[in-house]
Amino acid sequence: MKNQVKDYVASLTSPVTSAAASVALVAGDCVVTDSGYLGVLVADTPVGGSGVADLAGIFRLAKAAGASMFLRQRVYWDNVNRRVTTARPAGAVNYVMVVEIGPAAADTQVTVRLLPPLSLGAYAVQAVGNASGAGLTIDTGLGFIPTAVVPFSRDTAGIVRVTTSIAYLSGGNSGQVTLVTGAGAGTDVHTLIVYP
């Protein structure tokens, strides 16, 4: 039986141009593609040459030893230090990765799912801090106002904190939310399920 894709346009890849002043790139390197998305290089690319990077898939990438990450957490690529990080670098709106297998803190690599551009499903963000009073502002990493955020807050004894309000910030702070709980402590753990 014939099996053919009709009206094929392109696979989920993007061109990568290695600038003359840069270093040669190696297959498997995580790179920011010419389209501004994150990708994993398909083949070695010489200085000044061009190549192609996959924009989707499951990959093992470097992470800082001691960095804590958990399953389904949204993470980012630190293009300066060449590793996965939990802190969103400037301009990382298009860096769409979630942790596929939660690593141990001592691990120097993490398995992540690199998602196609604009296909991000619900994901988790975790923050620690006192959300009572003026509240705690948490960066969802989305870069724009989420459709919805479901918060779950608890103290170190596991007692659930009651959320009294959650504000969606806009403008230069778009993608951040301010969470307010009825009581709080600096050691409280807040988990947000974010819906783009």
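Here, every reference points to the structure presented above.
The sections below set out a description of the structure shown in this document. Once a new chain begins, its residue numbering starts again from 1 and follows that chain's sequence as written. Local features in this predicted model are restricted to residues of pLDDT 70 or higher, and side-chain atom pairs are both shown and tallied only at a pLDDT of 80 or more, whereas totals for entire chains, interfaces and linings draw on every residue. Hydrogens and water are ignored here; the side-chain numbers use all heavy atoms of the structure.

Under the DSSP-based scheme used, a helix requires at least four consecutive residues in state H or I and a strand at least two consecutive residues in state E, with every element numbered from the N terminus. What the protein chain contains, in helices and strands, is zero helices and 16 strands. Burial classification: accessible surface area is computed with a 1.4 Å probe over protein chains only, and a residue below 20% of its type maximum counts as buried, one above 50% as exposed, and the rest as partly exposed. For the protein chain, buried positions account for 36% of its 196 residues. The contact rule is simple, with two residues in contact once any of their heavy atoms fall within 4.5 Å. Put simply, 59% of the contacts in the protein chain that link residues at least 6 apart link residues at least 24 apart. For the protein chain, the accessible surface area stands at approximately 10,200 Å², while carbon and sulfur atoms represent 57% of it. For accessible areas, the Shrake-Rupley method is used with a probe of radius 1.4 Å. Any residue's cover is judged against the shown protein chains and nothing else.

When you line up the elements, Arg60 lands in strand β5 (residues 57-62). A sequence separation of 50 residues divides Arg60 from Val110, and the C-alpha atoms of the two residues are 5.4 Å apart. In this view, Arg60 contacts Gln109, Val110 and Thr111; residues no more than four positions away in its chain are not counted. Here Gln109 takes part through its side chain, which lies 3.5 Å from a polar atom of the side chain of Arg60. Here a polar contact is recorded for every N or O atom pair within 3.5 Å, except that within protein the pair must consist of a potential hydrogen donor and a potential acceptor, and residues adjacent in sequence are included only if both atoms are side-chain atoms. A distance of 2.9 Å separates polar atoms of two side chains, one belonging to Arg60 and the other to Thr111.

The next point concerns the environment of Thr147. Turning to its location among the elements, Thr147 is positioned in the loop between β11 (136-139) and β12 (148-154). According to the relative accessible area criterion, Thr147 is exposed, its value standing at 61%. Residues Thr147 and Tyr168 lie 21 residues apart in sequence; the distance between their C-alpha atoms is 9.6 Å. Leave out the neighbours within four places in its chain, and Thr147 touches Tyr195 and Pro196.

Moving on to the sheet that holds strand β13 (residues 160-161). With antiparallel pairing, four strands are arranged side by side in an open sheet as β10-β16-β12-β13. Looking at which strands have only one partner, the edges of the open sheet turn out to be β10 (123-128) and β13. A pair of strands is considered paired only if DSSP assigns at least 2 bridges between the two.

Turning our attention to the sheet that holds strand β3 (residues 38-41). Ordered by their spatial adjacency, four strands build an open sheet running β1-β4-β3-β2, and the pairing between neighbours is antiparallel. Both edges of this open sheet fall to β1 (13-17) and β2 (30-32), since each of them pairs with a single strand only. Neighbour to neighbour, the strand axes of the sheet diverge by 50° on average, direction disregarded. In this structure, β2 lies alongside β3, joined through three bridges in antiparallel fashion. Directly across from Val31, in β3, lies its bridge partner Gly39. Note on geometry: axes are lines fitted to C-alpha atoms, helical ones only across the stretch in contact, with angles between N-to-C directions running from 0 to 180 degrees.

Counted along the chain from β2 to the antiparallel partner β3, the turn is five residues long, and its residue Gly36 has a positive phi close to 90°. Both β3 and strand β4 (residues 50-54) contribute to a ladder of two bridges, which runs antiparallel. What sits directly across from Leu41, in β4, is Ala53.

Let's shift gears to the pattern of salt bridges. For salt bridges, the criterion is a side-chain nitrogen of Lys or Arg within 4 Å of an Asp or Glu carboxyl oxygen. Considering all chains together, one arrives at two salt bridges under this definition. A salt bridge links Glu100 to Arg113, with the shortest nitrogen-to-oxygen separation between them at 2.9 Å. Separated by 13 residues along the polypeptide, Glu100 in strand β8 (residues 97-101) and Arg113 in strand β9 (residues 109-114) bring together distant segments of the chain. What makes Arg113 partly exposed here is its relative accessible area of 32%. We note a salt bridge from Arg161 to Asp188, for which the minimum N-O separation is 2.9 Å. You can see Arg161 sitting in strand β13 and its partner Asp188 sitting in the loop between β15 (176-181) and β16 (189-195), a full 27 residues away along the chain. Given a relative accessible area of 18%, Arg161 falls into the buried group. Residue classification places Asp188 among the buried positions, given a relative accessible area of 0%.

The phi angle of most residues is negative, glycine excepted, and most peptide bonds adopt the trans form. Although it is not a glycine, Arg72 adopts a positive phi angle of roughly 75°. On the basis of relative accessible area, Arg72 is assigned to the partly exposed category, the value being 37%. Even without being glycine, Arg82 reaches a positive phi, approximately 60°. The residue Arg82 is located in the loop between β6 (74-78) and β7 (83-85) in this model.

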